[in-house]
Every structure is written in C-alpha cells, then in structure tokens.
Amino acid sequence: LEPDMIYRVYASSGKVYAETERDTYLLILRLYEAERRLGVGAFVRISNSEIINLKKVSGFDLSFVGTICVSLSNGTVTYASRRYVSKIKNLLGM
C-alpha cells in the first residue's frame, strides 16, 4: 500500500486495518508500528485506536463538549478523542 492511498489506519477487535478508497486491508503491524512507518506530516493520531491521513479529510466539526468530528473524503465519519484535540489543533494552526 502506498501511504497516499490510505484514508485511515485503525484498530478493531485486536486487529489493525488500513482503509483505502476501494478496500480495507488487514495489516500485520500493530498500530504504533504503522504510525512509525507512515511518519509525521500527513498522518496524525486522533485516538488510541485510529490514525488519519490529513490529506483525505473533507472537514472538521468542533463540538462544544471537546471532541472533533472528522469527515473523510470517502464518506467515513470518525471522532477524535479529547486527549488528542490540542495536538490536532496545533497541527492545523488553530
């Protein structure tokens, strides 16, 4: 998989998956290993179980309860945990 193809990498039921526009792939890596391989820049961790590609984000919705709703350009909607909100805001220059 090329990093530009990946929308998000997430952990579910003890397994790690990479979601692309066409398919979802099971990875043999742990989430922190995938995070290291993807590197800093386009990819950011938004929760303990998910990393997103900032280039594939279509919008952010900041809620007053402290979370961020993230809409990806493939239609996936996910949420950033409050623990990672300040990190995401710093990356976005907010």
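Note: the structure precedes this text.
Computed from a predicted structure; not experimentally measured.

**Q** Is there a simple way to think about the pairing of strand 4 (residues 43-47) in this case?
**A** Residues in a regular strand project their side chains so that they alternate between the two faces of the sheet. Summarising burial for strand 4: five of the five residues are buried, a large majority. Counted along the chain from strand 4 to the antiparallel partner strand 5 (residues 50-53), the turn is two residues long.

**Q** Where do I start with the pattern of salt bridges in this structure?
**A** Pairs can form between side chains of opposite charge once their charged atoms are near each other. If you walk through the whole model with that rule in mind, you get three salt bridges. Close ionic contact of Glu-50 with Arg-8 constitutes a salt bridge, the shortest N to O distance being 2.8 Å. One end of the pair, Glu-50, is in strand 5; the other, Arg-8, is in strand 1 (residues 6-12), with 42 residues separating them in the sequence. Taken as a pair, Glu-50 and Arg-8 share a single burial class, namely buried. Connected through salt bridges with shared partners, the residues Arg-8, Glu-19 and Glu-50 form a single ionic network.

Cut-off values and rules
- Residues numbered from 1 in each chain as written.
- Predicted model: local features only at pLDDT ≥ 70, side-chain atom pairs only at ≥ 80, totals over all residues.
- Heavy atoms only, no water.
- Buried < 20%, exposed > 50% of the residue type's maximum accessible area, 1.4 Å probe, protein only.
- Helix = DSSP H or I, 4+ residues; strand = E, 2+ residues; numbered from the N terminus.
- Pairing = 2+ DSSP bridges.
- Salt bridge = Lys/Arg side-chain N within 4 Å of Asp/Glu carboxyl O.

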